[in-house]
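What follows is each chain in one-letter form.
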Amino acid sequence: MKTGLQRQEENMKFLKSVPLLKSLPSEKLSKLADVLDLDFYHEGDYIIREGSTGDAFFIINQGEVKVTQKISGFEEPQEVRKLKRGDYFGEKALLSEDRRTANVIALAPGVECLTLDRNSFNALIGNLNELKEKDY
Ligand code: 6J7
Ligand code: CA
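Note that the structure is predicted; figures quoted are calculated from it, not measured. (Residues numbered from 1 in each chain as written. Chains lettered and ligands numbered in written order. Predicted model: local features only at pLDDT ≥ 70, side-chain atom pairs only at ≥ 80, totals over all residues. Heavy atoms only, no water.)

(A) A look at the overall build of the chain. Along the chain, the regular secondary structure elements total 5 helices and 8 strands. Order of helices (α) and strands (β) in the chain, N terminus to C terminus: α-α-β-β-β-β-β-β-α-β-β-α-α. In terms of overall size, the chain behaves like a compact globule, its C-alpha atoms giving a radius of gyration of 15 Å where 136 residues would be expected to give roughly 14 Å. Across its three principal directions, the C-alpha atoms of the chain cover 50 × 35 × 20 Å. Split into buried and exposed, the 136 residues of the chain put 40% on the buried side. Pairs at least 24 apart in sequence give 74% of the contacts found in the chain among residues at least 6 apart. Carbon and sulfur atoms provide 46% of the accessible area of the chain, an area that totals close to 8,200 Å². The averaged location of the 23 negative side-chain charges in the chain is 3 Å from the averaged location of its 20 positive side-chain charges. (Helix = DSSP H or I, 4+ residues; strand = E, 2+ residues; numbered from the N terminus. Rg over C-alpha atoms; globule rule 2.2 N^0.38 Å. Buried < 20%, exposed > 50% of the residue type's maximum accessible area, 1.4 Å probe, protein only. Contact = heavy atoms within 4.5 Å. Areas by Shrake-Rupley, 256 points an atom, 1.4 Å probe, with all protein chains shown as cover. Lys, Arg positive; Asp, Glu negative; His and termini not counted. Charge placed at Lys NZ, Arg CZ, Asp CG, Glu CD.)

(B) The arrangement of the packing of aromatic side chains in detail. A complete count under the given rule lists 3 aromatic pairs for this structure. Ring geometry for Phe57 versus Tyr88: centroids 5.7 Å apart, planes at 40 degrees, classification tilted. Of this pair, Phe57 sits in strand 3 (residues 56-62) while Tyr88 sits in strand 6 (residues 88-89), placing them 31 residues apart in sequence. For Tyr88, a relative accessible area of 8% corresponds to the buried category. (Phe/Tyr/Trp six-rings, centres within 6.5 Å; stacked < 30°, edge-to-face > 60°.)

(C) Summary view of unusual backbone geometry. Pro109 follows Ala108 through a cis peptide bond whose omega is 0 degrees. Checked against the element boundaries, Pro109 lands in the loop between strand 7 (103-106) and strand 8 (111-117). Residues other than glycine seldom take positive phi values, yet Glu97 does so here, at roughly 50 degrees. Overall, the relative accessible area of 67% leaves Glu97 in the exposed class.

(D) Up close: the coordination of the calcium ion (ligand 2). The coordination sphere of the calcium ion (ligand 2), as far as protein atoms go, consists of Asp37 (OD) and Asp39 (OD), spread over 2.4 to 2.5 Å. Judged by relative accessible area, Asp37 falls into the partly exposed class, the value being 43%. (Donors = N, O, S within 2.8 Å, 3.2 Å for Na, K, Ca; no water.)

(E) Structural context of the nonpolar core. Formed by 22 residues in total, the largest nonpolar core has its most connected members in Leu15, Leu20, Leu21, Leu32, Phe57, Ile59 and Ile125. Taken together, the elements giving at least two residues each to this core come down to helix 1 (4-17), helix 2 (26-35), strand 3, strand 8 and helix 4 (118-124). Each residue touching Leu21, except ones within four places of it in the same chain, is listed here: Leu15, Leu29, Leu32, Ile59, Ile125 and Leu128. (Core = buried A, V, L, I, M, F, W, Y, C linked by side-chain atoms within 4.5 Å.)

Structure follows, in structure tokens:
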């Protein structure tokens, strides 16, 4: 069993390696490591469903996800990209207080995400320019 402190230290080390978080001062990274939750998803799980409401932001700790979206002219949602360890998603619905704009689906053999709720997102990273300026 890992202690809370070991988990916090591991989270810190990983967070320091996430490109999005490079500009955050250590004390914010440390707060982030404290409030992050760890969630596991199996292959094929919809981590996010397009059109739903949502209150969480995700950073991939292990595994890969596929992003798909409804595109006019196609029956099925189309794949727009894949993301891997260190990548993030779910910022759009939090920044705009609107619905999820794409599906995010776990790929094999499963995915581990660090998740942040809306309040922590707003307090700690919601005003990073990279997020506000993101234009897919
Ligand atoms: Br990753 C990613 N790529 C895209 C994209 O091309 N278009 C849209 N709309 N969203 C994309 N995403 C992520 C983004 O973080 O998928 C998430 C779905 O939930 C989106 O944030 P969200 O709308 O909260
Ligand atoms: Ca959880």
